[in-house]
Amino acid sequence: MLLTITTTHGPATDLGFLLHKHPEKAQSFAIAAGTAHVFYPRATAELCTAALLVEVDPIELVRGGATTLTQYVNDRPYASGSHLAVALRAVFATAMSGRCDLRPGLAEQAIPLTIRVPSLTARGGADLVHRLFEPLGWTVETTPVALDAAFPDWGDSRYVDMSITGTVRLADALKHLYVLLPALDGDKHYFVGQDEADKLLKVGEGWLGEHPERELIANRYLERRRPYVRYALEQLAEADDIPAEAEPKVTEAPEQRQPLAALRQGSVLAALRAAGAQRVLDLGCGGGALLRVLMDDPSFTEIVGLDVSSSALGSAERRLKLDRLPEFQRARITLRQSALTYADPSLAGYDAAVLMEVIEHVDEERLPALEHAVFAVARSRTVVVTTPNSEYNTHFEFLPEHSFRHDDHRFEWTRAQFREWAGGVASRCAYDVRFLPVGQEDQVSGPPTQMAVFTVREEVAA
């Protein structure tokens, strides 16, 4: 398997800095399936080409159990797919992360690139290659590979000679390849589990959610394993309005990990059930992640999703497939566009209201208006609020110090700051409040998410 990366950015040999591989050296790296070699066929100031050659040992594949193929003769050593993607990540991991300590400005710069894969597995043909790469700004050229040039009547094989050209950051180009090569192949050589879904979301952050073929990509990348595909697509839909979480430093075994988003939804659901709520407001519902969980529980007889963003409500409508629901199910849910700082008396009388990862998206000077609208005017008997715990941010490896988890966050509070705000709201609005952790707690920094459950005081409710 061969992949070449060529640039004319001046000086072109800067490609060596970006890839962290010196143009004057040929290097070899052991990978699970064989050996990966990096060398530079040409390295001048005007044009530089880096080549990644992957030698796959088919006997080692069978011996090591790294693939489900049981034959010693197959196309894996020659046709680029998931093996090449794994080699890319193994050999160019630092480049893929966007780091270049010697030339940090260069790593952030879009440069002219031409990437060629002369033998690419494309189940779906050349048309699918264009559909996957062109929406990302690449100019794509493909030449189908004949089954046998001596017998043209046999037609084309499923392999293509692909060349893509564009002006992009090298890190982004590597991420595109890492996801789309296995998606084109449609067959991974290793087990696909929750960790692969999280990896897809991490590498696809910033581009996959907007890709018109994101469902096809997720299905193929995750080998159509429905629980993981559904999870990935839900997270991508939610990321339309709230970017994905940073990756934790401390990871558990994939089979023991549960996504923080799922833990939040489960904690909120438990609080609503404990309160005996039947009519629920999801305030700041975003793309409808929590709405879907609520819809799956028949004990919630009336659900209202409210958000200021019309695009978020559109995503929620698509996620919930409202146009396909039976009438009795469709009657349970309403989507409304409104700001959470707007006092709306029509929201009064509901059993519970939820603000899940919402308040941190509101300017702090606007929180009194939100407090009045939610706790004084709407005044549900139970109000559930979750928000990030900023003390836990040190556990996120790729989160710079003193940065927020999401670009749209106006603030992130410590546990003491959250308790102070929530206690003040409870005192002013005649609620009792209790605090619960969400996610695995660290002895020093606490849980990744903090939750407050407000309940109207009995003497006031009476």
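Residues numbered from 1 in each chain as written. Predicted model: local features only at pLDDT ≥ 70, side-chain atom pairs only at ≥ 80, totals over all residues. Heavy atoms only, no water.

### Let's talk about the overall build of the protein
Each helix and strand in the protein was counted, giving 17 helices and 14 strands. Out of the 462 residues belonging to the protein, those deemed buried represent 50%. Taking the intrachain contacts of the protein between residues at least 6 apart in sequence as the baseline, contacts between residues at least 24 apart amount to 72%. For the protein, the exposed surface amounts to about 21,300 Å²; the carbon and sulfur share of it is 50%. (Helix = DSSP H or I, 4+ residues; strand = E, 2+ residues; numbered from the N terminus. Buried < 20%, exposed > 50% of the residue type's maximum accessible area, 1.4 Å probe, protein only. Contact = heavy atoms within 4.5 Å. Areas by Shrake-Rupley, 256 points an atom, 1.4 Å probe, with all protein chains shown as cover.)

### Focus on the sheet that holds strand β5 (residues 111-121)
With antiparallel pairing, the seven strands of this open sheet are ordered in space as β2-β3-β4-β1-β5-β7-β6. The sheet terminates laterally at β2 (27-31) and β6 (139-146), the two strands that pair on one side only. Strand-to-strand, the axes of this sheet are offset by a mean angle of 15°, without reference to chain direction. Note: β6 against strand β7 (residues 156-168), seven bridges, orientation antiparallel. Paired with Ala 146 across the two strands is Asp 156, which belongs to β7. Sheet strands in contact with helix α6 (residues 125-133) are β5, β6 and β7, and its direction is about 160° off that of β6. Lying on the sheet, helix α7 (residues 170-185) is in contact with β1 (2-7), β5 and β7; it crosses β5 at an angle near 20°. (Pairing = 2+ DSSP bridges. Axes fitted to C-alpha atoms, helices over the stretch in contact; angles between N-to-C directions.)

### Describing the pattern of salt bridges
Scanning the entire structure with this criterion turns up 18 salt bridges. Across the pair Glu 391 and Arg 415 runs a salt bridge, and its minimum N-O distance is 2.9 Å. With Glu 391 in the loop between β12 (382-388) and α16 (415-429) and Arg 415 in helix α16, the pair connects residues that are 24 residues apart, well separated along the chain. With relative accessibility at 27%, the residue Glu 391 sits in the partly exposed group. Several salt bridges share partner residues, and in doing so they unite Arg 230, Glu 234, Arg 292 and Asp 296 into one network. (Salt bridge = Lys/Arg side-chain N within 4 Å of Asp/Glu carboxyl O.)

### A look at the nonpolar core
Leu 52, Phe 133 and Trp 138 are the most contacted members of the largest nonpolar core, which has 69 residues in total. Per-element tally for this core: the top contributor is α7, with ten residues. If we ignore the near neighbours within four places in the chain, the residues touching Phe 133 are Trp 138, Val 140, Met 162, Ile 164, Leu 177, Leu 180 and Leu 184. (Core = buried A, V, L, I, M, F, W, Y, C linked by side-chain atoms within 4.5 Å.)

### Description of unusual backbone geometry
Here Gly 10 and Pro 11 are connected by a cis peptide whose omega angle stands at -10°. Positionally, Pro 11 belongs in the loop between β1 and α1 (15-19). With a phi angle near 50°, Lys 321 is a residue other than glycine that sits in the positive phi range. By the element assignment, Lys 321 lies in the loop between α13 (310-320) and α14 (327-330). Unlike most non-glycine residues, Ala 430 shows phi in positive territory, near 60°. Position of Ala 430 relative to the elements: it lies in the loop between α16 and β13 (431-438).

### Looking at the sheet that holds strand β14 (residues 449-456)
One open sheet holds the seven strands; their spatial order is β10-β9-β8-β11-β12-β14-β13, and the pairing between them is mixed. Each edge of the open sheet carries a strand with a single partner, namely β10 (333-337) and β13. Ignoring strand direction, the axes of neighbouring strands in this sheet form an average angle of 15°. Relative to β14, β13 is paired through eight bridges, and the arrangement is antiparallel. The partner of Asp 432 across the bridge, within β14, is Thr 455.

### Details of the packing of α6 against helix α9 (residues 214-221)
The N-to-C vectors of α6 and α9 enclose an angle of 115°; their axes lie 10 Å apart at closest approach. Comparing the axis directions of α6 and α9 gives the class roughly perpendicular. α9 is crossed by α6, and the crossing has left-handed handedness. Contacts between α6 and α9 pair Leu 128, Arg 131 and Leu 132 from the former with Leu 216, Ile 217 and Arg 220 from the latter. The residue inventory of the contact of α6 with α9, partitioned by class, reads four nonpolar, no polar and two charged. (Parallel < 35°, antiparallel > 145°, perpendicular 65-115°, else oblique. Left-handed = near helix turned anticlockwise from the far one by under 90°. Nonpolar A, V, L, I, M, F, W, Y, C, P; charged D, E, K, R; others polar.)

### Topic: α16
Compared with the 21 Å implied by 1.5 Å per residue over 15 residues, the 21 Å span of α16 between its first and last C-alpha is a close match. Those residues of α16 not exposed but buried are Phe 418, Trp 421, Ala 422, Gly 424, Val 425, Ala 426 and Cys 429. Where α16 is buried, its residues contact α15 (367-378), β12, β13 and β14. Of the residues one or two after α16, Ala 430 is the one with positive phi, at around 60°. (Expected span 1.5 Å × (residues − 1).)

### Here we look at the environment of Leu 88
The topology assignment puts Leu 88 in helix α3 (residues 82-91). With 87 residues separating them in the primary sequence, Leu 88 and Lys 175 have C-alpha atoms 9.3 Å apart.

### Details of the packing of α7 against α9
Two elements in contact, α7 and α9, have axes separated by 8 Å at closest approach and are oriented at 75°. Classed by the angle they form, the pair α7 and α9 counts as roughly perpendicular. On α9, the residues touching Tyr 178, Val 179, Leu 180, Pro 182, Ala 183 and Leu 184 of α7 are Ile 217, Arg 220 and Tyr 221. In the contact of α7 with α9, the residues fall into eight nonpolar, no polar and one charged.

### Examining the side chain of Lys 175
Relative to the helices and strands, Lys 175 resides in helix α7. The side chain of Lys 175 sits in the buried core without any salt bridge; Asp 172 is the nearest counter-charge, 4.8 Å away. Dropping the residues within four chain positions of it, Lys 175 is found in contact with Met 96, Val 203 and Trp 207. (Lys, Arg positive; Asp, Glu negative; His and termini not counted.)

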